[in-house]
Protein chains: 2
Amino acid sequence: MRVAVIGGGNGALAVACEWGLAGHEVTMAAPTDYPGSLPDVAAAGGITGTGQINGFAPVTVTGDDFGAALEGADLVQVVGAAFATEDYGRSCGPHLRPGMTVVVNPGSCLGALAFARAAGLPAHQDEITIAELSTLPYATRVIEDATVHVFHLLRGGLFVAALGQTRTEAVREMLAEVWPAVTTARSVWQTALQNGNPVIHPAVTLLNAALIERTGGDFLFYEEGVTQATGRVMAAVDAERIAIAEALGVQILSEPAAGVAQGYMLEDNYDTGYSTAPGFLGIKAQDSLDNRYLTEDVGVSMLFFRDVAQAVGVPTPMMDTIIHLTSVVMDTDYAADPPRTLASLGLAGQSVEKLRAL
Amino acid sequence: MRVAVIGGGNGALAVACEWGLAGHEVTMAAPTDYPGSLPDVAAAGGITGTGQINGFAPVTVTGDDFGAALEGADLVQVVGAAFATEDYGRSCGPHLRPGMTVVVNPGSCLGALAFARAAGLPAHQDEITIAELSTLPYATRVIEDATVHVFHLLRGGLFVAALGQTRTEAVREMLAEVWPAVTTARSVWQTALQNGNPVIHPAVTLLNAALIERTGGDFLFYEEGVTQATGRVMAAVDAERIAIAEALGVQILSEPAAGVAQGYMLEDNYDTGYSTAPGFLGIKAQDSLDNRYLTEDVGVSMLFFRDVAQAVGVPTPMMDTIIHLTSVVMDTDYAADPPRTLASLGLAGQSVEKLRAL
């Protein structure tokens, strides 16, 4: 299979490496503005995987030439933070061809739809399959030039959905060779809402906000940062997230249940489940509050969750609380102009039935 | 002057000691359920003051015989936490006589009115003066049997108001001999809203919640617990408090301005003002989240502030946020049945004009 990986960050390198190691022909492209590690990969002619993936995979880097990267691709994996999805969509759009399958990985906040719209695809089309994963299948970091370390490979709790729902099983089959843990989700709402980052990161960050500022994050995020109070806040966010999913006709795993299924955690609960999780040992806190744990997980994802909640009539007092507290703590009114909303996805004012059919 | 001090806690002992040292005849009473240090004072025949008050003051303890304590009293000082005010009012009510002056100290949440109602006084009467102080004039602790240490004696930022407003100056004169720093407030709204505890304590506690739980409060509450983020939350609470006061026709000092006026702080700002305040050096955090910093400052005072805000049309998104977060963190729905509200004070549905006239 020809696989194009869009993005140059930690996740993109791990995806490219693992698919390359599985014998697929891999190309990579990323915008000139944020090429990530692509120059290193180009220089090395490929990527070395360590940890739970192992070996050197040859990769063809096309720089910001998305046309060259996508030429003849069967599978396009779009790997990066939510803020980049539309940009990637605009870059890839002109080069998408009938029969291609795009997987936004992870989909956070209906990334599949955001990509499709930015790529200029019509709302209903079935020539190109656009899908998304609920989470990146790894915990991974680039540890040196063109070398990516995979700390943890997910064993489950990993879902895929295609826009329009009918092609989901086909995408799962396509991914199964490399990622057998992926199972099908009912719709992109399930993959979007299964994103657990807004459940974990803001709660732990805010209830440790002064310590993060005072020490520059010199403590263990999970082992020390998660306590009973943190757990209660996580549980309250999660209850709202699960209620939103139910209103959209999908069942999601609670965040600790997902953590256990993914192999990070041993206990399915909101406090010791995290503070004693083998998969989270030794992870330090962020060095500043100005970090994706707030700016993305609240500033993008939680605001998106709340926007959806309002559309389907689910009250979100805990999310409201976290959004307001984050805005005050960061001296930034995140709610004033949220980057991803139903409106920004062309879904403003749609009925719950229409939303469920995505 | 004959002075009856009601209560047996740290503040009550300091008040009784200081007024006794000034040559007044002091009696003390407290309920059998929570006598505090009164048995020790009875055994010692008085109270020893150390720190910023000095010497032994003879005190007559009447136990739970409030009639004996109040007999012939010119001034009755009701000293304790907000939760005790009504109880004290019920106990003192039958023994109040025309010409007496009662000072609820501190008044937190219109303690003067709560006391008057519990004492069975009619809404409008001028035979007995009921007043309140904005804050206890000390930072103080009982350090051994019948010995109270005053760490700090307030130099300013200390206000008195009498119910109905006309007797305020007379009460100030009565207190001036011992507490010359006391100045008159426009009304009990000013003394009630000048209470700064809900501005400081919940913000610092919540943004250090995980650290308090993990270490049992083994850090310095102000020097380590107050950071830029903490300061921003305090500032946001304070802005709402000041807006409520304005809607009620009174001007209050911002919390750091009060801290400077009281002599605790050198800088009038919300972060380094507190973390470097000479008056707050060395103060440890509470050993558990289950502490008055949340249970009283949110569970009573902030809920009262919000209730008043709703009556006068002031939005309180920051207080809403803190109340909800506290409820989740403590697994207790504080908003469900707040102990002190306009309704509990007989003020439900009153016009802003009527409220201003208190």
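It should be emphasised that the depicted structure is a prediction, and the values quoted were computed from it without experimental measurement.

Colleague: Could you give an account of the relation of the copies chain A and chain B, with specific residues and numbers?
Modeller: Mapping chain A onto chain B leaves a residual RMSD of 0.0 Å; the transformation is a rotation of 180 degrees accompanied by 0.0 Å of translation along its axis. The transformation just described matches what one would write down for a two-fold rotation axis. Looking at the interface residues of chain A, 100% of them are also at the interface in chain B, so both copies use one shared face.

Colleague: Tell me about the packing of helix H4 (residues 85-92) of chain A against helix H5 (residues 111-118) of chain A, residues and numbers included.
Modeller: Residues and elements named next belong to chain A. Taken N-terminus to C-terminus, the directions of H4 and H5 make an angle of 40 degrees; their axes are 7 Å apart at the nearest point. As far as their axial angle goes, H5 and H4 are oblique. Handedness of the H4/H5 crossing: right-handed. Between H4 and H5, the residues in contact are Thr85, Glu86, Tyr88, Gly89, Arg90 and Cys92 and Gly111, Ala114, Phe115 and Ala118, respectively. Residue composition of the contact of H4 with H5, by class: five nonpolar, three polar and two charged.

Colleague: For the environment of Pro278 of chain A, give the residues involved together with the corresponding values.
Modeller: Residues and elements named next belong to chain A. Note that Pro278 resides in the loop between helix H12 (272-275) and helix H13 (292-295). Residues Pro278 and Trp179, 99 residues apart in the sequence, show an inter-C-alpha distance of 22 Å. Filtering out sequence-adjacent residues up to four positions away, Pro278 remains in contact with Tyr264, Met265 and Leu266.

Colleague: Outline the interface of chain A and chain B, supporting the account with residue identities and numerical values.
Modeller: Contacts between the two partners involve 27 residues from chain A, matched on the other side by 27 residues from chain B. Contact between chain A and chain B buries roughly 2300 Å² in total, counting both sides, with carbon and sulfur atoms accounting for 63%. When the buried surface of chain A facing chain B is broken down by residue, Leu207, Arg214 and Arg232 of chain A rank first, second and third, together holding 23% of it. On the surface where chain A and chain B come into contact, there are two salt bridges. Between Arg214 of chain B and Glu224 of chain A there is a salt bridge, with the nearest N and O atoms lying 3.3 Å from each other. For the pair chain A and chain B, the interface holds 14 residue pairs in polar contact (both at pLDDT 80 or more). Broken down by secondary-structure element, the contributors of at least two residues to the side of chain A that touches chain B are helix H9 (209-215), helix H10 (228-247) and helix H15 (317-330) of chain A. If you tally residues by element for the side of chain A that touches chain B, the top one is H15 of chain A, at eight residues. Looking at side-chain class alone, the side of chain A that touches chain B contains 15 nonpolar, seven polar and five charged residues.

Colleague: For the domain arrangement of chain A, give the residues involved together with the corresponding values.
Modeller: By a frequent convention, interface size equals the accessible area lost on bringing the separate parts together. All names here are of chain A. Under the domain assignment, chain A is made up of domain 1 (2-193) and domain 2 (197-345). Distance between the C-alpha centres of domain 1 and domain 2: 24 Å. Each side of the interface is counted separately: domain 1 has 27 residues, and domain 2 has 24 residues. In terms of surface lost to domain 2, no three residues of domain 1 exceed Cys109, Trp189 and Leu193, which account for 37% of the buried area on that side.

Colleague: Hey, could you go over the sheet that holds strand S11 (residues 158-162) of chain A for me, with residue numbers and the actual values?
Modeller: Backbone hydrogen bonds are what pair the strands of a sheet, in a parallel or an antiparallel way. All names here are of chain A. Here eight strands make up an open sheet; going across it, the order is S5-S2-S1-S6-S7-S8-S11-S12 and the pairing mixed. Two strands close off the open sheet at either side, each with one partner strand: strand S5 (60-61) and strand S12 (182-184). With four bridges joining them, strand S7 (residues 101-104) and strand S8 (residues 129-133) adopt parallel strand pairing. Residue pairing in the sheet places Val104 in a bridge with Glu132 of S8. Strands in contact with H5 are strand S6 (75-78), S7 and S8; relative to S8, the strand with the most contacts, it is inclined by about 145 degrees.

Colleague: Help me get a handle on the sheet that holds strand S2 (residues 25-29) of chain B, residues and values and all.
Modeller: Residue and element names in this part refer to chain B. Judged by pairing direction, the sheet is mixed, and its eight strands sit side by side in the order S5-S2-S1-S6-S7-S8-S11-S12 without closing on themselves. Every interior strand has two partners, whereas the edge strands, strand S5 (60-61) and strand S12 (182-184), have only one. Pairing of strand S1 (residues 2-6) with strand S6 (residues 75-78) involves four bridges; the strand directions are parallel. Pairing of Val3 across the sheet is with Leu75, part of S6. Where helix H1 (residues 10-21) meets the sheet, it contacts S1, S2 and S6, and its direction lies at approximately 165 degrees from that of S2. Docked against the sheet, helix H5 (residues 111-118) engages S6, strand S7 (101-104) and strand S8 (129-133), running at close to 145 degrees with respect to S8.

Colleague: Account for the pairing of strand S1 (residues 2-6) of chain A, with residues named and values stated.
Modeller: All names here are of chain A. Summarising burial for S1: four of the five residues are buried, a large majority. Strand direction decides the pairing type here: S1 and strand S2 (residues 25-29), joined by five bridges, are parallel. Residue Ile6 lies in a different strand from S2, and its bridge partner there is Ala29. In this view, the connection linking S1 to its parallel neighbour S2 by way of helix H1 (residues 10-21) has right-handed handedness.

Colleague: Please give an account of the packing of aromatic side chains that cites residues and values.
Modeller: Going through the model one piece at a time under the given rule, you end up with 20 aromatic pairs over all chains. On the basis of an interplanar angle of 10 degrees and a centroid distance of 4.1 Å, the ring pair of Tyr222 of chain A and Phe280 of chain A is categorised as stacked. Of the two residues, Tyr222 of chain A sits in the loop between H9 and H10 while Phe280 of chain A sits in the loop between H12 and H13, which places them 58 residues apart along the sequence. Accessibility classification places Tyr222 of chain A together with Phe280 of chain A in one group, the buried group. Relative to Tyr222 of chain B, the ring of Phe221 of chain B lies with its centre 5.0 Å away and its plane at 80 degrees, an arrangement referred to as edge-to-face. Both residues of the pair, Phe221 of chain B and Tyr222 of chain B, count as buried. Among the aromatic residues, those joined into a ring-pair cluster are Phe221, Tyr222, Tyr264, Tyr274, Phe280 and Tyr293 of chain A.

Colleague: Residues and numbers for the pattern of salt bridges, please.
Modeller: Residue and element names in this part refer to chain A. One pass over the structure, following the stated rule, counts 18 salt bridges over all chains. Note that Arg340 and Glu86 form a salt bridge whose closest N and O atoms lie 3.4 Å from each other. Of the two residues, Arg340 sits in the loop between H15 and helix H16 (352-356) while Glu86 sits in helix H4, which places them 254 residues apart along the sequence. Residue class for Glu86 comes out partly exposed when judged on its relative accessible area of 22%.

Conventions used here
Residues numbered from 1 in each chain as written. Chains lettered and ligands numbered in written order. Predicted model: local features only at pLDDT ≥ 70, side-chain atom pairs only at ≥ 80, totals over all residues. Heavy atoms only, no water. Least-squares fit on C-alpha atoms with pLDDT ≥ 70 in both. Contact = heavy atoms within 4.5 Å. Axes fitted to C-alpha atoms, helices over the stretch in contact; angles between N-to-C directions. Helix = DSSP H or I, 4+ residues; strand = E, 2+ residues; numbered from the N terminus. Parallel < 35°, antiparallel > 145°, perpendicular 65-115°, else oblique. Left-handed = near helix turned anticlockwise from the far one by under 90°. Nonpolar A, V, L, I, M, F, W, Y, C, P; charged D, E, K, R; others polar. Buried area = accessible area lost by both parts, 1.4 Å probe. Salt bridge = Lys/Arg side-chain N within 4 Å of Asp/Glu carboxyl O. Polar contact = N/O pair within 3.5 Å; in protein donor to acceptor, adjacent residues only side chain to side chain. Domains from an automatic or database assignment. Pairing = 2+ DSSP bridges. Buried < 20%, exposed > 50% of the residue type's maximum accessible area, 1.4 Å probe, protein only. Right-handed = clockwise from strand over helix to strand, strands pointing away. Phe/Tyr/Trp six-rings, centres within 6.5 Å; stacked < 30°, edge-to-face > 60°.

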